[in-house]
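These are the residues of each chain, in order.
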Amino acid sequence: MGEAQKGLLSVVEKLKGTTEREVRIVLLGLDNAGKTTLLKSLASEDVNTITPTQGFNIKSVASHGMKLNVWDIGGQRKIRPFWKKYLENTDLLIYVIDSADKKRFEETGLELSELTDEENLKGVPVLVFANKQDLATASPASEIAEGLNLHTYRDREWQIQACSAVSGEGVQDGMNWICNNIVNKKK
Amino acid sequence: MAEDDCEWVVESIVGYLGSPEWIIPVTDFMENKCTVFDDEDENKLSYTEIHHQYKKLVEKLLENYMQEVGINDQQFLDACTSPFAKSRTLQSVFQPVLATDDFQLFRSLMVQKNIELQLQALRVIKERNGELPECLTDGVDVMTELEQQELKILQEVLKKSKEEYDEQMSRRLLLEEELGSTSSCCPDKPMAEGIESTNAICASSQQSNTAKAKAEESGENSSISNGHHTPLLNGNTATEYNLVNVNPVRKEERKTAVPAGGQENGAAKSQAASKFNPDFGSSSVESRVLPAVRAPVKCGETSVSASLHTKEHGSSSQTAVESWLEEAHREAGFSKPFTELTASQQEQLQQRAVYLRQQRDKLHALKKEQQKTKQTASSDEAPSSPTPAPATTPEAVGQSQRNGTCPPPHPLPPAQNSTNPSKQKEISAEERKKLQKRKHLADKLKEEVIKK
């Protein structure tokens with residue numbers, strides 16, 4: 001029956017009748033990293049009224065002729081166990097880091113490595129946003145990449161992008177990478 | 001695969017999606033699970049689990065159907081991808097199926113269902129009650145508006161009662177001067193008490209009334225004597241006012257729990273204190289202590305004088321006194337077995353007091369209208385009560401001296417037990433009746449307002 005179910009799902013997908021290609025993106029990271037701010041800035045929404053996420057947010061962004069469905073799931077420790085449930089059929093992982101929160105670099109690194117070990121994310125490209133570059137105490141992206149051992153990734157595409165979700169700086173560059181990468185990968 | 005074959009399959013599928021076999025379980029599921037779905041921007045984690053369950057349900061249903069009808073996956077797939085299936089009209093039929101794969105669609109369906117159910121519930125309520133209860137008619141905005149209104153009324157009431165207290169204060173000071181000589185010494189305190197207790201003990205039909213009345217009076221005394229001082233001493237914010245007023249009442253009751261026998265000395269002292277306070281009353285502490293001390297003392301004279309004020313003020317300041325009347329009455333009713341008040345009971349009492357305070361405030365706002373009319377009535381009373389009152393004082397004191405014999409556990413400061421066996425002046429009886437009437441009215445009102 002497993003095959004039948006797969007068939008059903010694919011049918012359902014086709015039933016939507018959209019010609020647009022949909023991409024499922026999961027946006028993760030520790031609490032206070034700026035995931036929701038980034039999401040809102042992607043969707044060109046107001047970023048001033050954001051509160052800690054207890055559940056999850058979804059935004060659909062049209063870009064490069066694709067529909068990006070971005071899932072932003074709360075990063076508080078008690079919510080992290082739920083991340084796993086949202087990884088299925090994910091086309092891309094965006095991982096957000098608070099570049100000024102040096103004390104938790106180790107913690108965020110552990111979470112990321114746990115994610116990349118997930119079966120559902122096998123081979124899924126990772127975009128790391130080194131967020132909060134607008135803060136004076138922010139570490140540069142290269143330093144963070146080193147701390148995360150990103151260069152050891154062999155089984156997937158990865159990219160680190162310095163950005164400030166508040167000002168929007170660097171966000172579009174990241175999105176461009178996503179679109180290029182996915183287009184290359186899927187076609 | 002042939003075109004018409006496809007069409008047949010599609011029609012069959014559409015038919016199935018309109019049949020009870022499909023609709024009932026799917027609708028059931030939605031109605032059961034939709035309550036957590038609100039239209040907040042953020043999704044709850046529980047939505048995901050529900051969506052997952054929904055997926056399973058739909059898949060199971062579709063599989064069963066396909067087995068029954070004999071369509072294989074390929075046919076189903078072809079049928080669904082055929083141009084016929086993609087027509088606008090069929091899209092809506094397929095929505096519940098699409099929702100398995102599209103969380104946002106699923107969410108919007110659930111939110112919609114939730115709203116539908118809410119509207120249904122509102123309709124049912126409307127049908128049953130004729131109209132919707134106020135709390136359901138409008139949104140949050142109106143609620144806050146109401147609260148603001150309430151607050152305004154409350155502030156007005158407080159302001160008014162403060163003014164009244166100020167007035168009372170000045171009057172009281174005046175009276176105090178007049179009575180100064182008599183009230184400074186009081187060997188008859190226990191006596192008055194004695195009367196009280198006799199009354200309390202004997203089981204005449206009037207008894208309960210008397211007791212209640214006493215309670216009222218005590219409440220009045222304490223509240224009013226407080227009222228005199230607090231406005232003067234404190235800045236008189238609403239909270240202060242409440243705090244100061246309520247505490248003494250409680251203290252009073254607690255103190256009364258102490259056996260009255262050995263209290264004479266203390267009583268005399270406190271008497272003195274109470275005497276001084278009004279004169280020098282400049283510290284809030286004193287003013288707070290005052291009523292508490294006075295009550296247990298049960299000095300005939302003080303209380304009488306207090307009650308005199310009470311009467312006077314009672315008429316002039318209906319609003320304030322009435323509320324306190326109720327409160328005192330309630331509290332007294334609650335704590336009848338004073339002598340055996342345990343700590344927990346006292347705690348209860350405190351809670352009760354807080355509760356009562358809240359109720360009183362509500363009552364104030366709601367009674368505003370009625371009070372206007374009442375006040376006009378009371379203005380008639382006003383002239384009559386102060387005049388006879390002074391005359392009563394010596395009488396009452398003498399009475400208590402003569403009769404008072406038994407050492408009494410009864411707590412409440414006596415003052416004018418007009419209706420009780422000891423024949424007090426007629427006027428006080430009249431006043432008492434009026435008082436009771438008023439109180440009765442207030443009680444009724446309260447019942448109507450609070451207990452629906």
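Residues numbered from 1 in each chain as written. Chains lettered and ligands numbered in written order. Predicted model: local features only at pLDDT ≥ 70, side-chain atom pairs only at ≥ 80, totals over all residues. Heavy atoms only, no water.

Trainee: Please set out helix 2 (residues 35-42) of chain A residue by residue, giving values where relevant.
Mentor: The element helix 2 of chain A is largely enclosed, with a buried count of 7 among its 8 residues. All buried positions along helix 2 of chain A are accounted for by Lys35, Thr36, Thr37, Leu38, Leu39, Lys40 and Leu42 of chain A. (Buried < 20%, exposed > 50% of the residue type's maximum accessible area, 1.4 Å probe, protein only. Helix = DSSP H or I, 4+ residues; strand = E, 2+ residues; numbered from the N terminus.)

Trainee: Mind laying out the pattern of salt bridges, listing which residues take part and the relevant values?
Mentor: Residues and elements named next belong to chain A. Applying the stated criterion across every chain, the model contains 18 salt bridges over all chains. The salt bridge involving Glu45 is made with Lys59; its shortest N-O contact spans 3.4 Å. On the criterion of sequence distance, the pair formed by Glu45 in the loop between helix 2 and strand 2 (56-63) and Lys59 in strand 2 is long-range, its members being 14 residues apart. Put simply, Lys132 and Asp98 hold a salt bridge, and the shortest N to O gap is 3.2 Å. Taken as a pair, Lys132 in the loop between strand 5 (126-131) and helix 4 (141-147) and Asp98 in strand 4 (residues 92-98) lie far apart in primary sequence, 34 residues in all. The exposure classification of Lys132 matches that of Asp98, with both residues buried. Here the salt bridges share partners, and the residues they tie into one network are Asp31, Arg77, Arg80, Asp101, Arg104, Glu107 and Glu111. (Salt bridge = Lys/Arg side-chain N within 4 Å of Asp/Glu carboxyl O.)

Trainee: Tell me about the UniProt feature "binding site: Mg(2+)" (unreviewed entry) in chain A, and name the residues and values.
Mentor: Listed under "binding site: Mg(2+)" (unreviewed entry) in the UniProt record, and renumbered for this structure, are Thr36 and Thr53 of chain A. What stands out for the annotated residues spanning 18 residues is how close their C-alpha atoms remain, the widest pair being 7.5 Å apart. Here Thr36 of chain A shows up in helix 2. Here Thr53 of chain A shows up in the loop between helix 2 and strand 2. For Thr53 of chain A, a relative accessible area of 8% translates into the label buried. Beyond its immediate chain neighbours, meaning those up to four positions away, Thr53 of chain A contacts Thr36, Asp72, Gly74, Gln76 and Ile79 of chain A together with Glu42 of chain B. Polar side-chain contacts of Thr53 of chain A include one of 2.8 Å to the side chain of Thr36 of chain A. (UniProt positions renumbered as here; feature names shortened; annotations may be inferred. Contact = heavy atoms within 4.5 Å. Polar contact = N/O pair within 3.5 Å; in protein donor to acceptor, adjacent residues only side chain to side chain.)

Trainee: Give a description of the pairing of strand 4 of chain A that names residues and reports values.
Mentor: Residue and element names in this part refer to chain A. For strand 4, a buried count of 7 out of 7 residues is recorded, marking the element as mostly surrounded by other parts of the structure. Neither face of strand 4 is left uncovered, since the one carrying Leu92, Ile94, Val96 and Asp98 and the one carrying Leu93, Tyr95 and Ile97 both have all their residues buried. Looking at chain direction, strand 1 (residues 21-29) and strand 4 are connected through 5 bridges and run parallel. Bridging from a neighbouring strand, Ile25 pairs with Leu92 of strand 4. Relative to strand 5, strand 4 is paired through 6 bridges, and the arrangement is parallel. Directly across from Ile97, in strand 5, lies its bridge partner Ala130. Taken together, strand 4, helix 3 (residues 105-116) and strand 5 form a β-α-β motif whose crossover is right-handed. (Pairing = 2+ DSSP bridges. Right-handed = clockwise from strand over helix to strand, strands pointing away.)

Trainee: Before we move on, can you summarise the side chain of Glu111 of chain A with the specific residues and values?
Mentor: All names here are of chain A. Looking at where Glu111 falls in the secondary structure, it is placed in helix 3. Judged by relative accessible area, which is 14%, Glu111 ranks as buried. When residues no more than four places from it in sequence are discounted, the contact partners of Glu111 are Leu30, Arg80, Trp83 and Tyr95.

Trainee: Kindly report on unusual backbone geometry, identifying the contributing residues and their values.
Mentor: Residues and elements named next belong to chain A. One non-glycine residue with positive phi stands out, namely His64, at about 50 degrees. Take His64: its relative accessible area is 47%, and that puts it in the partly exposed class. For Asn89, which is not glycine, the phi dihedral falls at a positive 60 degrees. Secondary-structure assignment places Asn89 in the loop between strand 3 (66-73) and strand 4.

Trainee: Can you lay out the packing of aromatic side chains for me, pointing to particular residues and giving the numbers?
Mentor: Scanning the model with the defined rule gives 11 aromatic pairs over all chains in all. When the ring of Trp71 of chain A is compared with that of Phe103 of chain B, the centres are 5.4 Å apart and the planes differ by 50 degrees; the resulting orientation is tilted. Of this pair, Trp71 of chain A sits in strand 3 while Phe103 of chain B sits in helix 6 (residues 103-129), which puts the two residues in different chains. Like Phe103 of chain B, Trp71 of chain A is buried. Ring geometry for Phe37 of chain B versus Tyr47 of chain B: centroids 4.1 Å apart, planes at 15 degrees, classification stacked. You can see Phe37 of chain B sitting in the loop between helix 2 (20-33) and helix 3 (45-69) and its partner Tyr47 of chain B sitting in helix 3, a full 10 residues away along the chain. As far as burial versus exposure is concerned, Phe37 of chain B and Tyr47 of chain B are alike and both buried. Chaining the aromatic ring pairs together yields one cluster made of Phe29, Phe37, Tyr47, Tyr54 and Phe106 of chain B. (Phe/Tyr/Trp six-rings, centres within 6.5 Å; stacked < 30°, edge-to-face > 60°.)

Trainee: Hey, could you go over helix 6 of chain B for me, with residue numbers and the actual values?
Mentor: All names here are of chain B. Taking 1.5 Å per residue as the helical rise, helix 6 with its 27 residues ought to reach 39 Å, and the 39 Å between its terminal C-alpha atoms agrees with that figure. Looking only at helix 6, the buried set comprises Phe103, Leu105, Phe106, Arg107, Leu109, Met110, Val111, Lys113 and Asn114. Phi for Gly130, located one or two positions after helix 6, is positive at around 85 degrees. (Expected span 1.5 Å × (residues − 1).)

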